[in-house]
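# An overview of the molecular structure
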Amino acid sequence: MLLAIDCGNTNTVFSIWDGDKFIATWRTATEHQRTADQYYVWLSSLMQLNKIEVKIRNVIVSSTVPRVVFNLRVLADRYFATRAMVVGRPECQLPLDVRVGSGAGVGPDRLVNTIAGYDLFGGNLIIVDFGTATTFDVVDHDGAYIGGVIAPGVNLSLEALHQEAAALPHVDIARPDRVIGKNTVMCMQSGVFWGYIGLLKEICERIKTEHGSKMKIISTGGLGPLFQSAEKVFDEWKDDLTMHGLRLIFEHNKSSEVK
């Protein structure tokens, strides 16, 4: 059994792989002060509640929040008697080429998505991941990561409007019925939603032009279907793309150990 953990700036996702499929996925808020014991109590309670009786033998972690990794490694050591494989550490090998500038840092989540996207859809991809930030990752014809774009996330944009403008309320992201808002909430929702549609389409078109090849656009993250409902921006939506990539990385490293 494999426990795959994807730690983002806002949420951390735990998924259990039984060797054939992911049998459970849970989310919790990312908090760097949460201890290994607290993680275990939360996770074991959910497993019991869902009547999942498995013995976890392996753990793999991808994290954009370095301060969280220590306690996740303690969780693996203390409760599952295994050393967690951490994406980005030298001992964790990745089955892809990274073709960016010398010394440039690439988030582990972006490399994980690249590996998963190439495995599922082949090369010449744009992978759009909706998180705290919205990232656009470019996958070359041979599966190599060759760069991308980082834009402010949708909810981050709405929160910034609320915090920095005293008269503007907190609103949820939604597709408005009209572009022209009739009140403040509708105006804000229209600006963010249709503004983001423009951002998505324009960046993807410019990437395609610069890359010089026909490309598929894959989205991941919960907001993909919302934007797809307005206009066909993406060719595919894959919510568990990162988990698929983590499993591939784990299997790649295990096969290397056998050799």
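Each chain carries its own residue numbering, running from 1 in the written order of its sequence. Since the coordinates come from a predicted model, pLDDT governs what is reported: local features require at least 70, and pairs of side-chain atoms require 80 or more to be given and counted, while whole-chain, interface and lining totals use all residues. Excluding hydrogens and water, the side-chain figures rest on all heavy atoms present in the structure.

### A few points about the overall build of the protein
Cut-off, in case you're wondering: Helix numbering and strand numbering both begin at the N terminus, where a helix is a DSSP run of H or I of at least 4 residues and a strand a DSSP run of E of at least 2. Radius of gyration: C-alpha atoms only; globule rule: 2.2 Å multiplied by the number of residues to the exponent 0.38. Partly exposed describes any residue whose relative accessible area lies between the buried limit of under 20% and the exposed limit of over 50%, with all areas from a 1.4 Å probe on protein chains only and scaled to the type maximum. Should any heavy atoms of two residues lie within 4.5 Å, those residues are counted as being in contact.
Counting its secondary structure elements, the protein contains seven helices and ten strands. Here the C-alpha atoms of the protein give a radius of gyration of 20 Å, agreeing with the 18 Å that 2.2 N^0.38 yields for 259 residues. For the protein, the spread of C-alpha atoms along the three principal axes comes to 60 × 45 × 35 Å. Per-residue burial for the protein yields a buried fraction of 46% across its 259 residues. Within the protein, residue pairs in contact and separated by at least 24 positions form 56% of the contacts whose partners lie at least 6 positions apart.

### Points about the pairing of strand 1 (residues 2–7)
Side-chain direction in a regular strand flips from residue to residue, so the side chains alternate between the two faces of the sheet. Filter applied, for reference: Strands are labelled as partners when DSSP assigns at least two bridges between them.
Taking burial as the measure, the six residues of strand 1 include six buried ones, the bulk of the element. Burial along strand 1 is two-sided: the face carrying Leu2, Ala4 and Asp6 and the face carrying Leu3, Ile5 and Cys7 are both buried. Counted between consecutive antiparallel strands, the loop separating strand 1 from strand 2 (residues 11–17) contains three residues. Here six bridges tie strand 1 to strand 4 (residues 58–63), and the two strands are oriented parallel to one another.

### Details of the side chain of Asn124
The condition is simple: The definition of a polar contact used here is a pair of N or O atoms within 3.5 Å, where within protein one atom must be able to donate a hydrogen and the other to accept one, and adjacent residues in sequence count solely through side-chain atom pairs.
The residue Asn124 is located in the loop between helix 3 (108–121) and strand 6 (125–130) in this model. Under the relative-accessibility criterion, Asn124 is labelled buried at 18%. Only 3.5 Å separates the side chain of Asn124 from the backbone nitrogen of His141, close enough to count as a polar contact. Setting aside its immediate chain neighbours within four residues, Asn124 contacts Val139, Asp140, His141, His211, Ser213, Lys214, Met215 and Lys216.

### Re the pairing of strand 8 (residues 145–152)
For strand 7 (residues 133–139) and strand 8, the ladder comprises six bridges, and the chain directions are antiparallel. The partner of Ala133 across the bridge, within strand 8, is Pro152.

### Here we look at the sheet that holds strand 2
The mixed open sheet is built from five strands, whose spatial order is 3-2-1-4-5. For this open sheet the edge positions go to strand 3 (22–29) and strand 5 (85–86), each flanked by a neighbour on one side alone. Pairing of strand 2 with strand 3 involves seven bridges; the strand directions are antiparallel. The residue bridging Thr12 from the neighbouring strand is Thr28, located in strand 3.

### Things to note about the sheet that holds strand 8
Heads up, the condition is: Under this scheme, a helix contributes an axis fitted over its contacting stretch, all axes are lines through C-alpha atoms, and angles between N-to-C directions fall in the 0 to 180 degree range.
Read across the sheet, five strands follow the order 8-7-6-9-10 without closing on themselves; strand pairing throughout is mixed. Looking at strand neighbours, the two that pair on one side only are strand 8 and strand 10 (236–237), the edges of this open sheet. Helix 3 rests against strand 6, strand 7, strand 8, strand 9 (216–220) and strand 10 of the sheet, and its axis sits at about 130° to strand 6.

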